[in-house]
Amino acid sequence: EAEVAQSPRYKITEKSQAVAFWCDPISGHATLYWYRQILGQGPELLVQFQDESVVDDSQLPKDRFSAERLKGVDSTLKIQPAELGDSAMYLCASGSGGLQAFFGQGTRLTVV
Amino acid sequence: AQRVTQPEKLLSVFKGAPVELKCNYSYSGSPELFWYVQYSRQRLQLLLRHISRESIKGFTADLNKGETSFHLKKPFAQEEDSAMYYCALREGAGNNRKLIWGLGTSLAVNP
C-alpha cells in the first residue's frame, strides 16, 4: 500500500543551527501539506502546496521557515535558525480532490 | 473565525460500553467535518467524514447543525479503539481550504 514517506524520523539539533525535513507524498497526489504538532495539541498547518505552488503559508514563520516543492512531487521544509520553541512533531500529508487522507509518520524535532 | 472544540482531553470507558467523543464547531457557513484517529505508534489517519455518512470500525458521526456538533459514537467500545481522536473542520467550498483541528481526545478502553 502506498504511503507518505518522511525522513528523518528523529532529529536533534542545537539552537541556531539549520535543519531540514523531507517528504515524499503518495504518487499522483497533487496536494501536499506540512503540519507542526506540539505535544498535547492538534496539528497546525504550516504550508499547503498544490503541485509546485504554495496555496497557503499564512501560518509559516517566514523569517526562519521555508518550504519548497520544486517539481511538484517531493518537498523539503527547512528551519534556519532553529529555536527551542520549534521542538515538535512535523507531519507531512498528501491528498487529492481536497481530501487529506494520508499522513506520514512524522519527524520529531528536538532543539537543544 | 472557525474553531473546533473537543471538550474532553481524556475519555476512559470499559470494553463493551458505549462511547461518545464530543466535537463542537464554530463556523457560520456550511462546514465539512472529519474525524481522524492516531493509534499508538501509528500515523494519523482519516477515520470518517460527515458527507460520507458511513460507519467505519463501528463508529458513526452525525453532523448536527442546530447544535453545531459532530460527535463520534460507537455503541460497544473495544480495546483496540484506544487511540487519539481528532475532530477537524473545513470550510465548505473548494479543494484548497485548510483544515481546522481540535486539540484531540485520548480514548482509553479498559478491559
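Above this text you will find the structure in question.
Report on the accompanying structure. The model shown is predicted, which means the values in this text are computed figures rather than measured ones. (Residues numbered from 1 in each chain as written. Chains lettered and ligands numbered in written order. Predicted model: local features only at pLDDT ≥ 70, side-chain atom pairs only at ≥ 80, totals over all residues. Heavy atoms only, no water.)

1. Quick look at the sheet that holds strand β7 (residues 60-61) of chain B
Residue and element names in this part refer to chain B. Our working definition: Being paired, for any two strands, means DSSP has found at least two bridges between them. A run of DSSP states H or I qualifies as a helix once it reaches four residues; a run of E qualifies as a strand once it reaches two. Both are numbered from the N-terminal end.
If you trace the 3 strands from one edge of the open sheet to the other, you get β3-β8-β7, paired in antiparallel fashion. Only two strands of the sheet have a single neighbouring strand rather than two, namely β3 (19-21) and β7. In the sheet, β3 pairs with strand β8 (residues 72-74) via 3 bridges, with the strands oriented antiparallel. When the sheet's bridge partners are listed, E20 is paired in β8 with K73.

2. Details of the sheet that holds strand β7 (residues 65-68) of chain A
All names here are of chain A. To be explicit about the condition: Fitting a line to C-alpha atoms yields each axis, with helices limited to the stretch in contact; the angle taken between N-to-C directions then spans 0 to 180 degrees.
Across the sheet, which stays open at both edges, the 4 strands sit in the order β1-β3-β8-β7 with antiparallel pairing between neighbours. Both edges of this open sheet fall to β1 (5-7) and β7, since each of them pairs with a single strand only. Each adjacent strand pair in this sheet contributes to an overall mean axis angle of 15°, direction not counted. Taken together, the 3 bridges between β1 and strand β3 (residues 19-24) define a ladder with antiparallel strand orientation. Opposite S7, over in β3, you have W22 as the bridge partner.

3. A look at the packing of aromatic side chains
Cut-off, in case you're wondering: The criterion for an aromatic pair is that two Phe, Tyr or Trp rings (for Trp, the six-membered ring) have centres within 6.5 Å, with stacked assigned to planes under 30 degrees apart, edge-to-face to planes over 60 apart and tilted to the rest. Three labels apply to residues, based on accessible area from a 1.4 Å probe with only protein chains included: buried if under 20% of the type maximum, exposed if over 50%, partly exposed otherwise in between.
This model, assessed by the stated rule, comprises 10 aromatic pairs over all chains. With 6.3 Å between their ring centres and 25° between their planes, Y33 of chain A and Y35 of chain A make a pair best called stacked. Judged by its relative accessible area of 0%, Y35 of chain A falls in the buried class. Each ring, one from F59 of chain B and one from Y85 of chain B, has its centre 5.6 Å from the other, and the planes form 50°; the classification is tilted. One end of the pair, F59 of chain B, is in the loop between β6 (45-49) and β7; the other, Y85 of chain B, is in strand β9 (residues 83-90), and 26 residues separate them in sequence. Residue classification places F59 of chain B among the buried positions, given a relative accessible area of 0%. The rings of Y33, Y35 and F103 of chain A together with F34, Y36, Y86 and W101 of chain B are connected pair by pair, giving a single aromatic cluster.

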